[in-house]
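Each chain, letter by letter, is given below.
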Amino acid sequence: MTKKFSSETNLPWWKKGVIYQIYPRSFNDTSGNGIGDLKGISKKISYLSSLGVDAIWLSPVFTSPMKDMGYDVSNYTDIDPLFGNILDFEKLIEKAKENKIKVIIDQVLSHSSDAHPFFKLSKSNKNNSKSDWYVWADPKPDGSPPNNWLSVFGGSAWEWDTTREQYYLHNFLKSQPDFNFHNIDVQKWLLSTVKFWLEKGVDGFRLDTANYYFHDKKLRNNPAIKSRASGKNPYYYQNLKYSINQKDNFAFLKKLRKLTDKYKETTMIGEISNVELQAKYTANNDKLHMAYSFDLLRDEFSPKHIRNTVSKFFKETKDGWPTWSFSNHDVVRHLSRWNKTKKDRQKFAKLTCALLMSLKGTPCIYQGEELGQTQTKIEFDEIKDPPGKKFWPMDFGRDGCRTPMIWDESKKFAGFSNAKPWLPIKKEQIINSVKKQLKNRNSTYYFYKTFISLRKKISFFTEEIYFENNNEVLIFYRGNEKEICCMFNLSQREIAIDNTYGKIIPFLPSQQVRQESKKLNLSSYGFCFLSKTDFKISNNKS
């Protein structure tokens, strides 16, 4: 008997949809200044609609001095002229909704720019309406900072201000002073800025550094820890016990959740450092709707690591929900990070797409990922990113994953702009153009498009996940009754395994796999989907 795959599910859209991250500076430029803008995104909504994504997440477009590319906000309720104006934003919302695409925007709540009027007033003296809106502390008797906390971007997390004769806290650049969340007025004001954008019609928020809001009031020293990353950045020598990850974060996130839940079908995605916190911050349906961690954004790529990361999340929480991504604006693109030999790049791109779309959770793809885009090699004199300048050559910064979208290889500046782009466009990236891939039905783009469509038609991809304990091949089941077996060879060598998993499902993509009577042979980056039941896709709509 043949059973039907069904797409029917009562889950909210953000649990069954696919999110597409846009880095606005590098997506599409219509103003001719070499920097992408809101009108440029609006012009490409049809492209995103055709790809099949359910939501776009925009990195910051608010007024900013751009010392950290918009993650240093000087006006939380306006658009930076680089990207357009508030009317352009409203038109983008309208255009997206016409195409049934949700709009999620970044919210940088943990810190502002030092150009923000509130910080200027706060540092002017110790007795004004904003004097306690940022984290100020007296020096030690010897004049040194109040404790040993370090900045993610290098050096002390404390900067001396000569006017107040105090230090202020900055977890990132010294031009990004941290808000004092222990001040309830700060919380109320930040909530009001979030409400402003909800009233504009946004469908949700990606919360930057969502575990950084509160600090230890006693300013206790962080203890030392040994870390694999410590050689590149002293920040990771510390257990960040007191500078971040405070329990007070949960109370504020509950306020945010209460606010967003007043608006239909909104969601919040938190940026969280690790999978344990990712689970805690999404548990009990009263804080973040979902969160992503950096566990799948780092160098390790193995069946064991994928299995342990995803399994750990669902062991830590019964009702939390993860977002999974392999690439974003902060890390080396995964096609370069995980496939350093550069062999079988297109096959590897298709494997990672199939894997991301098959995990339990909400997949988030980063612009250009659907083209099989790789990391751009950036020379020292091309660097714009502050950490890249600080830690060169041990760390090349984040510019390499932020270079412009490649629309048309035949045009100057690859169709991104009529002017020289803010970051360089290079040959290795130009070959992965949208125009070229739209002409080729076997391209990475069409693979993403196909899999996104299939994922929406099969409810098993929103149900349970069960992993097999196999360190050679990544094997897991989807569906409450283990209806689909998902199998991935993450290596470049051929692997043969006994087939006790059923028949390859013909209408789900597979590659580099041979099915023999009792064996499955998976060649380099081979994958397939199997079942012991014959299925066909139902025409029901979700």
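Residues numbered from 1 in each chain as written. Predicted model: local features only at pLDDT ≥ 70, side-chain atom pairs only at ≥ 80, totals over all residues. Heavy atoms only, no water.

Section: the overall build of the protein chain
When helices and strands are tallied, the protein chain shows 15 helices and 22 strands. Whereas a compact globule of 542 residues would reach a radius of gyration of roughly 24 Å, the protein chain reaches 24 Å, a difference of no more than 12%. Expressed along its principal axes, the backbone C-alpha trace of the protein chain runs to roughly 80 × 50 × 45 Å. For the protein chain, with 542 residues in total, the buried portion stands at 60%. Taking the contacts inside the protein chain whose residues are at least 6 apart along the sequence as the reference set, 68% of them involve residues at least 24 apart. Carbon and sulfur atoms make up 48% of the accessible area of the protein chain, which amounts to about 22,500 Å² in all. (Helix = DSSP H or I, 4+ residues; strand = E, 2+ residues; numbered from the N terminus. Rg over C-alpha atoms; globule rule 2.2 N^0.38 Å. Buried < 20%, exposed > 50% of the residue type's maximum accessible area, 1.4 Å probe, protein only. Contact = heavy atoms within 4.5 Å. Areas by Shrake-Rupley, 256 points an atom, 1.4 Å probe, with all protein chains shown as cover.)

Thoughts on the sheet that holds strand β6 (residues 102-107)
The strand order across the open sheet built from eight strands is β12-β11-β10-β6-β3-β2-β14-β13, with neighbouring strands paired in parallel fashion. Only two strands of the sheet have a single neighbouring strand rather than two, namely β12 (290-292) and β13 (323-324). Two strands pair when backbone bridges link them, and strand β2 (residues 19-22) and strand β14 (residues 362-366) are joined in this way by three bridges, in the parallel orientation. What sits directly across from Ile19, in β14, is Cys364. Those strands touched by helix α8 (residues 275-282) are β12 and β13, and its axis lies near 165 degrees from that of β12. (Pairing = 2+ DSSP bridges. Axes fitted to C-alpha atoms, helices over the stretch in contact; angles between N-to-C directions.)

Some remarks on helix α15 (residues 444-457)
Under the 1.5 Å per step criterion, the end-to-end length of α15 is 20 Å for 14 residues, consistent within 8% with the ideal 20 Å. Buried within α15 we find Thr444, Tyr445, Tyr446, Phe447, Tyr448, Phe451, Ile452, Leu454 and Arg455. (Expected span 1.5 Å × (residues − 1).)

Digging into the packing of aromatic side chains
Within the structure shown, the criterion is met by 49 aromatic pairs. Aromatic pair Trp149 and Trp158: ring centres 5.9 Å apart, planes at 25 degrees, arrangement stacked. One exposure class covers both Trp149 and Trp158, and it is buried. Judged by centre distance (6.2 Å) and plane angle (50 degrees), the rings of Phe451 and Phe461 are tilted. Of this pair, Phe451 sits in helix α15 while Phe461 sits in the loop between α15 and β15 (465-467), and the two are ten residues apart along the sequence. Neither residue differs from the other here; Phe451 and Phe461 are each classed as buried. Here the aromatic residues Tyr76, Phe118, Phe119, Trp133, Tyr134, Trp136, Tyr168, Phe179 and Trp189 are joined through ring pairs into a cluster of three or more. Taking NZ or CZ as reference, Lys287 lies 5.6 Å from the ring centre of Phe250, over its face. The ring of Tyr466 is capped by Lys482, whose NZ or CZ atom sits 5.3 Å from the centre of that ring. (Phe/Tyr/Trp six-rings, centres within 6.5 Å; stacked < 30°, edge-to-face > 60°. Lys NZ or Arg CZ within 6 Å of the ring centre and 35° of its normal.)

Re the pattern of salt bridges
Counting across every chain of the model gives 24 salt bridges. We note a salt bridge from Arg206 to Asp106, for which the minimum N-O separation is 2.7 Å. You can see Arg206 sitting in strand β10 (residues 204-207) and its partner Asp106 sitting in strand β6, a full 100 residues away along the chain. Note on accessibility: Arg206 and Asp106 belong to one class, buried. Asp286 is the salt-bridge partner of Lys254, the closest N and O atoms lying 3.7 Å from each other. (Salt bridge = Lys/Arg side-chain N within 4 Å of Asp/Glu carboxyl O.)

A word on helix α9 (residues 303-316)
In an α-helix there are 3.6 residues to a turn, and that puts residues three or four apart on one side. Taking 1.5 Å per residue as the helical rise, α9 with its 14 residues ought to reach 20 Å, and the 20 Å between its terminal C-alpha atoms agrees with that figure. For α9, the full list of buried residues reads Pro303, His305, Ile306, Arg307, Thr309, Val310, Ser311 and Phe313. In the core, the buried residues of α9 are packed alongside α8, β13, α11 (345-358), β15 and β16 (474-478).

Some points on the sheet that holds strand β9 (residues 166-169)
Taken in spatial order, the three strands line up as β7-β9-β8 in an open sheet, and their pairing is antiparallel. Either end of the sheet is taken by a strand with one partner, and the two such strands are β7 (136-137) and β8 (158-161).

As for the environment of Ser74
Along the chain, Ser74 falls in the loop between β4 (62-63) and β5 (75-79). Along the chain, Ser74 and Thr63 lie eleven residues apart, while their C-alpha atoms are 5.6 Å from each other.

Quick notes on the side chain of Asp408
Checked against the element boundaries, Asp408 lands in the loop between α12 (386-391) and α13 (427-430). Exposure remark for Asp408: the relative accessible area of 11% places this residue in the buried category.

Focus on the packing of helix α6 (residues 184-199) against helix α7 (residues 248-260)
Look at α6 against α7: their axes get within 11 Å of each other, and the N-to-C directions meet at 30 degrees. The angle between α6 and α7 places the two elements in the roughly parallel class. For α6 against α7, the interelement crossing comes out right-handed. Mapping the contact onto sequence places Ile184, Gln187, Leu191, Val194, Lys195 and Leu198 in α6 and Phe252, Lys255, Leu256, Leu259 and Thr260 in α7. Classifying every residue of the contact of α6 with α7 by side-chain character gives seven nonpolar, two polar and two charged. (Parallel < 35°, antiparallel > 145°, perpendicular 65-115°, else oblique. Left-handed = near helix turned anticlockwise from the far one by under 90°. Nonpolar A, V, L, I, M, F, W, Y, C, P; charged D, E, K, R; others polar.)

What about unusual backbone geometry?
Here the phi dihedral of Met69 falls at roughly 55 degrees; this positive angle occurs in a residue that is not glycine. As for its placement among the helices and strands, Met69 is situated in the loop between β4 and β5. In this structure, Glu265 takes a positive phi of about 60 degrees despite not being glycine. For Glu265, the location among the structural elements is in the loop between α7 and β11 (267-271).

Focus on the side chain of Ser110
With respect to the secondary-structure elements, Ser110 resides in the loop between β6 and α5 (117-122). A relative accessible area of 1% means that Ser110 is categorised as buried. In terms of polar contacts, Ser110 uses its side chain to reach the side chain of His111, at 2.7 Å. If we ignore the near neighbours within four places in the chain, the residues touching Ser110 are Asp178, Phe179, Phe181, Thr209, Tyr212 and Tyr213. (Polar contact = N/O pair within 3.5 Å; in protein donor to acceptor, adjacent residues only side chain to side chain.)

Topic: the state of the cysteines
The full count for this structure, using the stated rule, is zero disulfides. In this structure Cys353 is not part of a disulfide, and its nearest cysteine sulfur, from Cys486, lies 13 Å away. With relative accessibility at 0%, the residue Cys353 sits in the buried group. Residue Cys485 stays outside any disulfide, its sulfur separated by 6.5 Å from that of Cys486, the closest cysteine. By relative accessible area, which is 1% here, Cys485 ends up buried. (Disulfide = S-S within 2.5 Å.)

A look at the packing of α11 against α15
Where α11 meets α15, the axes come as close as 10 Å, and the angle between the chain directions of the two elements is 15 degrees. By the angle class used here, α11 and α15 are roughly parallel. The element α11 and its partner α15 pack so that their crossing is right-handed. Here α11 contributes Gln346, Ala349, Lys350, Cys353, Ala354, Met357 and Ser358 to the contact with α15, which in turn contributes Thr444, Phe447, Tyr448, Phe451, Ile452 and Arg455. Tallied by class, residues from the contact of α11 with α15 come to eight nonpolar, three polar and two charged.

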